[in-house]
Amino acid sequence: MKNISFRTHVLPLKNELFRLALRITLNREEAEDVVQETMMKVWNRRDDWERIESIEAFCLTICRNLAVDKTRRRIKDEGLRNTDYGTRNTEYDIADTSYASNPEEQAVQRDRIQLVRTLINGLPEKQRSVMQLRDIEGKSYKEIAAILDISEEQVKINIFRARQTIKQRFLEIQEYGL
């Protein structure tokens, strides 16, 4: 019998939930709303916690579903195409200045990071989600499959396709410029 506490098991997941929601919604305010809704849904299901195998996977699944639903509603309401939505600039893009002490190299690195983030944001939602969970959150294939309710093979395929797309587009842009 598991003894799960909201304070010690669920609340510490808020940053991870936020990053996942932000990667899906591409909007800071919407991501914050999704995390809050996730926490409320998890709290309302507290009677079921004893039967849940992984509270983390449970929370991430709820978060992902809410973020996808919110994104789809917004796209439908605003009449946006998925590609338009995925290329918006976001507030959370902060460059890593530890790369070099030379200001020119720092600027180049900031531009590359921004480009990769923009390319990731332009991926289909499932590829963005698996890339976020695997490459940024460090989840295993099994955990990602449970969170996204897909097979481990589908996780691997989506990660491969996402990485290949990012690599191909990055090289095209680097070779030919914007």
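See above for the structure.
What counts and what doesn't
- Residues numbered from 1 in each chain as written.
- Predicted model: local features only at pLDDT ≥ 70, side-chain atom pairs only at ≥ 80, totals over all residues.
- Heavy atoms only, no water.
- Axes fitted to C-alpha atoms, helices over the stretch in contact; angles between N-to-C directions.
- Helix = DSSP H or I, 4+ residues; strand = E, 2+ residues; numbered from the N terminus.
- Parallel < 35°, antiparallel > 145°, perpendicular 65-115°, else oblique.
- Left-handed = near helix turned anticlockwise from the far one by under 90°.
- Contact = heavy atoms within 4.5 Å.
- Nonpolar A, V, L, I, M, F, W, Y, C, P; charged D, E, K, R; others polar.
- Expected span 1.5 Å × (residues − 1).
- Buried < 20%, exposed > 50% of the residue type's maximum accessible area, 1.4 Å probe, protein only.
- Core = buried A, V, L, I, M, F, W, Y, C linked by side-chain atoms within 4.5 Å.
- Salt bridge = Lys/Arg side-chain N within 4 Å of Asp/Glu carboxyl O.
- Phe/Tyr/Trp six-rings, centres within 6.5 Å; stacked < 30°, edge-to-face > 60°.

A. The packing of helix α6 (residues 103–121) against helix α9 (residues 152–176), seen in detail. Running from N to C, α6 and α9 point in directions that differ by 135 degrees, and their axes come no closer than 10 Å. Taken together, α6 and α9 sit at an angle that is classed as oblique. Between α6 and α9 the crossing geometry is right-handed. Residues Arg112, Leu115, Val116, Leu119 and Ile120 of α6 pack against Ile166, Arg169, Phe170, Ile173 and Gln174 of α9. Residue composition of the contact of α6 with α9, by class: 7 nonpolar, 1 polar and 2 charged.

B. Main features of α9. The end-to-end C-alpha distance of α9 is 36 Å, a good match for the 36 Å that 25 residues give at a rise of 1.5 Å each. Turning to α9, its buried residues number three or more, namely Val155, Asn158, Ile159, Ala162, Thr165 and Ile166. Looking at the buried positions of α9, the neighbouring elements they touch are α6, α7 (125–136) and α8 (141–148).

C. Expanded view of α6. Its 19 residues give α6 an end-to-end C-alpha distance of 27 Å, which sits within 8% of 27 Å, the value for a rise of 1.5 Å per residue. For α6, the set of buried residues is Gln106, Gln109, Ile113, Leu115, Leu119, Ile120 and Asn121.

D. Expanded view of the nonpolar core. Residues Leu17 and Ile55 are the most contacted members of the largest nonpolar core, which totals 35 residues. Broken down by element, the residue count for this core peaks at 10 residues, all from helix α4 (residues 55–78). Excluding anything up to four places from it in sequence, Ile55 contacts Ile4, His9, Val10, Leu13 and Trp49. Grouped together as the second largest cluster of nonpolar side chains are 7 residues, Leu115, Ile120, Leu123 and Met131 included.

E. Spotlight on the environment of Thr25. As for its placement among the helices and strands, Thr25 is situated in helix α2 (residues 14–25). For the pair Thr25 and Arg64, spaced 39 residues apart in the sequence, the C-alpha separation amounts to 9.7 Å.

F. Representation of the pattern of salt bridges within the structure. Applying the stated criterion across every chain, the model contains 9 salt bridges. With a shortest N-O distance of 2.9 Å, Arg45 and Asp48 are connected by a salt bridge. The class of Arg45 is partly exposed, set by a relative accessible area of 39%. Close ionic contact of Glu56 with Lys139 constitutes a salt bridge, the shortest N to O distance being 2.0 Å.

G. Quick peek at the packing of aromatic side chains. The full count for this structure, using the stated rule, is 3 aromatic pairs. Note on Phe6 and Trp43: the rings are 5.4 Å apart at their centroids and 85 degrees apart in plane angle, and the pair reads as edge-to-face. In this pair, Phe6 is assigned in helix α1 (residues 6–10) and Trp43 in helix α3 (residues 28–44), connecting sequence segments 37 residues apart. Their ring planes at 10 degrees and their centres at 6.3 Å tell us that Phe6 and Trp49 sit as a pair that is stacked. Highlighted residues: Phe6 in helix α1 and Trp49 in the loop between α3 and α4, separated in sequence by 43 residues.

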